[in-house]
Amino acid sequence: TSSPVSVTVTGAAGQIGYALLFRIASGQLLGADVPVRLRLLEIPQAVRAAEGTALELTDCAFPALAGVDVFDDPIKAFEGTSVALLVGARPRTKGMERGDLLEANGGIFKPQGAAINAGAADDIKVLVVGNPANTNALIAQSHAPDVPAERFTAMTRLDHNRALGQLALKLGVPVSSLSKVAIWGNHSASQYPDITHAVVDGKSVAEAINDQAWVADEFIPRVAKRGAEIIDVRGASSAASAASAAVDHVYNWVNGTPEGDWTSAAIPSDGSYGVPEGLISSFPVTSAGGKWEIVQGLEVDEFSRARIDASVAELGEEREAVRKLGLI
Ligand code: NDP
């Protein structure tokens, strides 16, 4: 077997971290035959809880787990790391202004970007999960000038998977019958889950459903607001599904996407589909050789155009806000 790959997880003692670490250690992030060395980053108050999780990881005796270390210093946590999963973030609390939220997250993602720049491995790949994920990724990226910009991504795979789940239920088919669903824009309520190119067993999903009102009034809002539905029903925010989507994102980034399909990820725009260059926006993407590519040449109808533009405008406003705060 090869030498271990270092993977850093921030917010390791949180809900998502707890669901994520065991999936990584069992070999599902990179491949069952790739040994992994976990580096957990937490704030000082949560280090002991992360150490407790490290004890449990040892107790699983995962063959692919080469070791676990816990840190409260980002410089040490990102040293030599090839995959960084940035989960820990400052959540919005009641009465908090957007500027305060962005400022608080700047205090987290600036030093993490700098630490990645200083010491991560040359092949570093970064996935931001902590919200506001797209803009947090932009902040980290702007403090890592020596790392290729496209190595900074944000997660919309959970939205993508939620869309697949809803379509499978509606059509009464297994998820494996579906392909070419897409999420565009921001990982927020403004996101656009797009089924116009989606295929079920070789046929158009839109034609199979044949109910535009369901798409516009039920499907899209349900996917976009699924996080709130989970909190309402479960009494706690989604954690295992978010962790699962993070595993899917990195697995496809490293190992490629299946022939004939695509997935969704927020990656730096090259100007495709009118999305301003540099915004970390969700697109339909494929991956090969460890690189994401935006799927080109898709027809964007009027309905889609308006929704993509609205979500991208929100991303532009967030970028402007963090610029004004001096965070990028
Ligand atoms: P979770 O593990 O539940 O969530 C972590 C982050 O993921 C939040 O920003 C959350 O955003 C976001 N998120 C993105 N997508 C989803 C989704 N679909 N469902 C739920 N959350 C999603 O939070 P906890 O509070 O349990 O744990 C956070 C941990 O991070 C704590 O242990 C804390 O100490 C740590 N932390 C570590 C830092 C560091 O390592 N430097 C910095 C800050 C915190 P949202 O709030 O919008 O749901």
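In this text the structure is predicted, and so the values were computed from the model without any measurement.

1. Quick word on the overall build of the chain
Item 1. Helices and strands together make up the secondary structure of the chain, namely 11 helices and 14 strands.
Item 2. By the compact-globule yardstick of 20 Å for 328 residues, the chain fits well, its C-alpha radius of gyration being 19 Å.
Item 3. For the C-alpha atoms alone, the extent of the chain along its principal axes is close to 55 × 45 × 40 Å.
Item 4. The buried share of the chain, reckoned over its 328 residues, is 45%.

2. Quick notes on helix α5 (residues 133-142)
Item 1. In terms of burial, α5 is largely enclosed, as 9 of its 10 residues are buried.
Item 2. Regarding α5, the residues found buried are Ala133, Asn134, Thr135, Asn136, Ala137, Leu138, Ile139, Ala140 and Gln141.

3. Re the domain arrangement of the chain
Item 1. When cut into domains, the chain gives domain 1 (5-154) and domain 2 (157-318).
Item 2. Using C-alpha coordinates to define each centre, domain 1 is positioned 23 Å away from domain 2.
Item 3. At the junction of the two partners, domain 1 supplies 25 residues and domain 2 supplies 25 residues.
Item 4. When contributions to the side of domain 1 that touches domain 2 are tallied by element, the ones reaching two or more residues are α1 (15-25), β4 (83-86), β5 (125-128), α5 and β6 (152-154).
Item 5. Looking at the side of domain 1 that touches domain 2 residue by residue, the class counts come to 16 nonpolar, 6 polar and 3 charged.

4. A short note on the UniProt feature "domain: Lactate/malate dehydrogenase N-terminal" (unreviewed entry) in the chain
Item 1. Those residues carrying the UniProt feature "domain: Lactate/malate dehydrogenase N-terminal" (unreviewed entry) are residues 6-146 in this numbering.
Item 2. Spanning residues 6-146, this segment combines 43% helix with 18% strand, and its end C-alpha atoms are found 19 Å apart.

5. Let's talk about the packing of α1 against helix α10 (residues 240-255)
Item 1. At a minimum axis distance of 8 Å, the contact between α1 and α10 shows a crossing angle of 45°. One way to sum up the angle between α1 and α10 is to call them oblique. The way α1 lies across α10 gives a crossing that is right-handed. For the pair α1 and α10, the contacting residues are Ile16, Ala19, Leu20 and Arg23 in the first and Ala240, Ala242, Ala243, Ala246 and Val247 in the second.
Item 2. Looking at the contact of α1 with α10, its residues break down into 8 nonpolar, no polar and 1 charged.

6. Description of the environment of Leu38
Item 1. Turning to its location among the elements, Leu38 is positioned in strand β2 (residues 36-41).
Item 2. With 23 C-beta atoms counted inside 10 Å, the residue Leu38 sits in the buried group.
Item 3. Sequence separation between Leu38 and Ala54 is 16 residues, and the spatial gap between their C-alpha atoms is 9.1 Å.
Item 4. In this view, Leu38 contacts Val7, Val9, Leu21, Ile24, Ala25, Leu65 and Val68; residues no more than four positions away in its chain are not counted.

7. A few points about the pairing of β2
Item 1. Most of β2 sits out of view: 5 of its 6 residues are buried.
Item 2. Bridge count for strand β1 (residues 5-10) against β2 is 6 bridges, and the pairing is parallel. What sits directly across from Ser6, in β2, is Arg37.
Item 3. Running through α1, the crossover from β1 to the neighbouring parallel element β2 is right-handed.
Item 4. For β2 and strand β3 (residues 65-71), the ladder comprises 6 bridges, and the chain directions are parallel. Bridged to Arg39 within β3 is Asp69.
Item 5. Considered for its hand, the β-α-β crossover made up of β2, helix α2 (residues 47-59) and β3 is right-handed.

8. What about the site of the ligand?
Item 1. Neighbouring the ligand are 26 residues, the closest being Gly11, Gly14, Gly88, Ala89 and Pro91.
Item 2. Here the shell around the ligand gets 3 residues from one element, more than from any other, and that element is α1.
Item 3. In terms of residue class, the shell around the ligand is made up of 13 nonpolar, 11 polar and 2 charged.
Item 4. Mapped onto the domain boundaries, the shell around the ligand takes at least three residues apiece from domain 1 (5-154) and domain 2 (157-318).

9. Overview of the sheet that holds strand β10 (residues 199-200)
Item 1. A sheet is described by the order of its strands in space; here 3 strands give the open sequence β7-β10-β11, paired in antiparallel fashion. Each edge of the sheet is formed by a strand with only one pairing partner; in this case those strands are β7 (178-179) and β11 (203-204).
Item 2. In terms of strand pairing, β7 meets β10 through 2 bridges, oriented antiparallel. Pairing of Leu178 across the sheet is with Val200, part of β10.

10. Side note on the nonpolar core
Item 1. Formed by 92 residues in total, the largest nonpolar core has its most connected members in Val36, Leu38, Leu85, Val128, Val129, Ala140 and Ala246.
Item 2. No other element matches the 7 residues that α10 contributes to this core.
Item 3. For this core, the domains that each give at least three residues are domain 1 (5-154) and domain 2 (157-318).
Item 4. If we skip the residues at most four places from it in the chain, Ala246 touches Leu20, Leu85, Leu127, Val129 and Met155.

Parameters and conventions
Residues numbered from 1 in each chain as written. Predicted model: local features only at pLDDT ≥ 70, side-chain atom pairs only at ≥ 80, totals over all residues. Helix = DSSP H or I, 4+ residues; strand = E, 2+ residues; numbered from the N terminus. Rg over C-alpha atoms; globule rule 2.2 N^0.38 Å. Buried ≥ 20, exposed ≤ 12 C-beta atoms within 10 Å, placed from the backbone. Domains from an automatic or database assignment. Contact = placed C-beta atoms within 7 Å. Nonpolar A, V, L, I, M, F, W, Y, C, P; charged D, E, K, R; others polar. UniProt positions renumbered as here; feature names shortened; annotations may be inferred. Axes fitted to C-alpha atoms, helices over the stretch in contact; angles between N-to-C directions. Parallel < 35°, antiparallel > 145°, perpendicular 65-115°, else oblique. Left-handed = near helix turned anticlockwise from the far one by under 90°. Pairing = 2+ DSSP bridges. Right-handed = clockwise from strand over helix to strand, strands pointing away. Near = placed C-beta within 6 Å. Core = buried A, V, L, I, M, F, W, Y, C linked by C-beta atoms within 7 Å.

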